[in-house]
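# Structure assessment
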Amino acid sequence: MRTNARKDGNAGAIVAGLRRAGASVQVLNEKGLPDVLVGFRKRNYLFELKTARGTLTRPQKLFLATWAGQAQVVRTLDEALLVIGAIVHVTFSSSDGTV
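Procedures and definitions
Residues numbered from 1 in each chain as written. Predicted model: local features only at pLDDT ≥ 70, side-chain atom pairs only at ≥ 80, totals over all residues. Heavy atoms only, no water. Phe/Tyr/Trp six-rings, centres within 6.5 Å; stacked < 30°, edge-to-face > 60°. Buried < 20%, exposed > 50% of the residue type's maximum accessible area, 1.4 Å probe, protein only. Core = buried A, V, L, I, M, F, W, Y, C linked by side-chain atoms within 4.5 Å. Helix = DSSP H or I, 4+ residues; strand = E, 2+ residues; numbered from the N terminus. Contact = heavy atoms within 4.5 Å. Axes fitted to C-alpha atoms, helices over the stretch in contact; angles between N-to-C directions. Parallel < 35°, antiparallel > 145°, perpendicular 65-115°, else oblique. Left-handed = near helix turned anticlockwise from the far one by under 90°. Nonpolar A, V, L, I, M, F, W, Y, C, P; charged D, E, K, R; others polar. Pairing = 2+ DSSP bridges.

## Brief notes about the packing of aromatic side chains
Enumeration according to the criterion identifies 2 aromatic pairs in this entry. With centroids separated by 5.0 Å and ring planes inclined at 20°, the aromatic side chains of phenylalanine 63 and tryptophan 67 adopt a geometry described as stacked. Judged by relative accessible area, which is 43%, tryptophan 67 ranks as partly exposed.

## A word on the nonpolar core
Core analysis: the biggest nonpolar cluster contains 16 residues, and Leu18, Val38, Phe47, Leu49 and Ile84 have the highest contact counts within it. Elements with a contribution of two residues or more to this core: α1 (11-20), β2 (36-40), β3 (43-49) and α3 (77-84). Among the elements that take part in this core, α1 stands out by supplying 4 residues, more than any other. Among all residues touching isoleucine 84, those that are not within four sequence positions of it are Leu18, Ala23, Val38, Phe40, Tyr45 and Phe47.

## Remarks on the packing of α1 against α3
Relative orientation and spacing of two packed helices are given, respectively, by the angle between their axes and the distance between those axes. Interaxial distance between α1 and α3 falls to 9 Å at its minimum, and their mutual angle equals 40°. One finds that α1 runs oblique with respect to α3. Crossing geometry of α1 relative to α3 is assigned as right-handed. Contact residues: α1 offers Ala13, Ile14, Gly17, Leu18 and Arg20, while α3 offers Leu77, Ala80, Leu81 and Ile84. Across the contact of α1 with α3, the residue classes break down as 7 nonpolar, 1 polar and 1 charged.

## Re the sheet that holds β2
Two orientations exist for strands paired in a sheet by backbone hydrogen bonds: parallel and antiparallel. Pairing in this open sheet of 4 strands is mixed, and the strands run β1-β2-β3-β4 from one edge to the other. Both edges of this open sheet fall to β1 (24-27) and β4 (72-74), since each of them pairs with a single strand only. Looking at each pair of strands side by side, their axes are set apart by 35° on average, direction ignored. With 4 bridges connecting them, β1 and β2 associate as antiparallel partners. Across the sheet, residue valine 27 finds its bridge partner in β2, namely valine 36.

Scope: geometric values only; no functional claims are made or implied.
In structure tokens form, the structure reads like this:
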């Protein structure tokens, strides 16, 4: 098991925000596995945390391509909160087409 894995710069903020929203977050430190396991409202999520320009390693690509369950790349706290259902994206528009 790796112990000093490099984490993307936004990982701490995403983990802290998920926890503030009431999610359980377990940081995973195994090469090739997603960065975090998140539990929220009796559902589990695997997230690979990346910055806006972060790229996947070959083992990360392989895991995401072959995992039979839910796993995905998340780049922002808002994206993570949307995926777990802690926030809902709503777009409002008026009848004349303005927002």
